[in-house]
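# Coordinate analysis (summary)
Here are the chains, one letter per residue:
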Amino acid sequence: MRDTVTGLISTYDITGRYLDRDAIDSLKVYFGSGNDRVKAAAYISANASSLVKATGAALYERVPELLRPGGNSYTTRRYAACLRDLDYYLRYSSYALVAGNCDVLTERVLNGLRETYNSLEVPVGPTVIAIQIMKDVLKEELTTQGIDDTSFVDVPFDHLTRELG
Ligand code: CYC
């Protein structure tokens, strides 16, 4: 698991270099958005269940067949598994937001996930849609919390959808 700072340090240390202008620029961007990253993580922690619920509601409105017999969210067991997965995506994304690095997602969430989904016939397309919805719901909420530039929020969610899709 890495963050922006440890990632940069290990890259430069391997080649025995001082931090150059590129490194300093990335550090400035990271620390410049630091306060907003912490605010975003605090917002997620305090509102996780409503963010997950809103995401689920929008997903099932958009792909209602998931809830019908034969759909992958049919029966409360699968419905609950889906909401739990959404909660995993949200929680790990909040870690990645604070770290400014997506390694935690690769290591803890994505590793073997596609194979698991394939073997259980969990459809990847609607999962990707759900993650995009979650990103949009969260960004909307963070804007109302006074975070003007929410572009840093895209990174972990886009990483999940890119790697899963
Ligand atoms: C199942 N989701 C699973 C399973 C795993 C994960 C391992 C199989 C074991 C189980 O049922 O608990 C995912 N586990 C994770 C992740 C982590 C982990 C990400 C990292 C921390 O430890 N079905 C839908 C929707 C979608 C969905 C499109 C939600 C967006 O219709 C999810 N995942 C879903 C469902 C199951 C599942 C329904 C149960 C499938 C089954 O047993 O038939």
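Above this text sits the structure in question.
What counts and how
- Residues numbered from 1 in each chain as written.
- Predicted model: local features only at pLDDT ≥ 70, side-chain atom pairs only at ≥ 80, totals over all residues.
- Heavy atoms only, no water.
- 1 Å grid on protein atoms, 1.4 Å probe; cavity = no way out; pocket = protein on both sides within 12 Å on 5 of 7 lines; lining within 4 Å.
- Points joined across faces, edges and corners; volume = space filled by probe spheres on them.
- Helix = DSSP H or I, 4+ residues; strand = E, 2+ residues; numbered from the N terminus.
- Nonpolar A, V, L, I, M, F, W, Y, C, P; charged D, E, K, R; others polar.
- Core = buried A, V, L, I, M, F, W, Y, C linked by side-chain atoms within 4.5 Å.
- Buried < 20%, exposed > 50% of the residue type's maximum accessible area, 1.4 Å probe, protein only.
- Contact = heavy atoms within 4.5 Å.
- Salt bridge = Lys/Arg side-chain N within 4 Å of Asp/Glu carboxyl O.
- Axes fitted to C-alpha atoms, helices over the stretch in contact; angles between N-to-C directions.
- Parallel < 35°, antiparallel > 145°, perpendicular 65-115°, else oblique.
- Left-handed = near helix turned anticlockwise from the far one by under 90°.

### Thoughts on the layout of surface pockets
One number sums up the size of the largest pocket: a volume of about 480 Å³. Mapped onto the lining of the largest pocket, the elements with two or more residues apiece are α4 (76-99), α5 (103-110), α6 (113-120) and α7 (124-144). Per-element tally for the lining of the largest pocket: the top contributor is α4, with 10 residues. The residue makeup of the lining of the largest pocket, split by class, is 16 nonpolar, 4 polar and 5 charged.

### Brief notes about the nonpolar core
Note on soluble globular proteins: their nonpolar side chains tend to be buried together. One finds Leu59, Tyr89, Leu105, Leu138 and Leu164 to be the most contacted residues of the largest nonpolar core, which totals 39 residues. Breaking this core down by element, the ones donating at least two residues are α3 (34-62), α4, α5, α6, α7 and α8 (154-164). Top contributing element to this core by residue count: α7, with 9 residues. Once residues lying within four places of it in the same chain are set aside, the contact partners of Leu164 are Tyr89, Leu110, Leu113, Arg114, Tyr117, Val124, Thr127 and Ile131.

### Observations concerning the environment of Ala96
Looking at the element boundaries, Ala96 is found in helix α4. Overall, Ala96 belongs to the buried group, its relative accessible area being 4%. With 88 residues separating them in the primary sequence, Ala96 and Leu8 have C-alpha atoms 16 Å apart. Once you skip the residues sitting within four places of it in the chain, Ala96 turns out to touch Asn101, Cys102, Val104, Leu105 and Pro156.

### A look at the pattern of salt bridges
Applying the stated criterion across every chain yields a total of 4 salt bridges. When the shortest N-O distance is used, the salt bridge between Arg84 and Asp85 registers 2.7 Å. Note on Arg84: relative accessible area 42%, which makes it partly exposed. Given a relative accessible area of 12%, Asp85 falls into the buried group. For the salt bridge of Lys135 with Asp158, the shortest nitrogen-to-oxygen distance reads 2.8 Å. Within this pair, whereas Lys135 is found in helix α7, its partner Asp158 is found in helix α8, the two being separated by 23 residues in sequence. With relative accessibility at 13%, the residue Lys135 sits in the buried group.

### Some thoughts on the packing of α5 against α8
Packing of α5 against α8 leaves a shortest axis separation of 10 Å and a crossing angle of 50 degrees. Comparing the axis directions of α5 and α8 gives the class oblique. Judged by the sense of rotation from one axis to the other, the crossing of α5 with α8 is right-handed. Where α5 approaches α8, its residues Leu105, Thr106, Val109 and Leu110 are matched on the opposing element by Pro156, His159, Leu160, Glu163 and Leu164. Here the residues of the contact of α5 with α8 are counted per class, giving 6 nonpolar, 2 polar and 1 charged.

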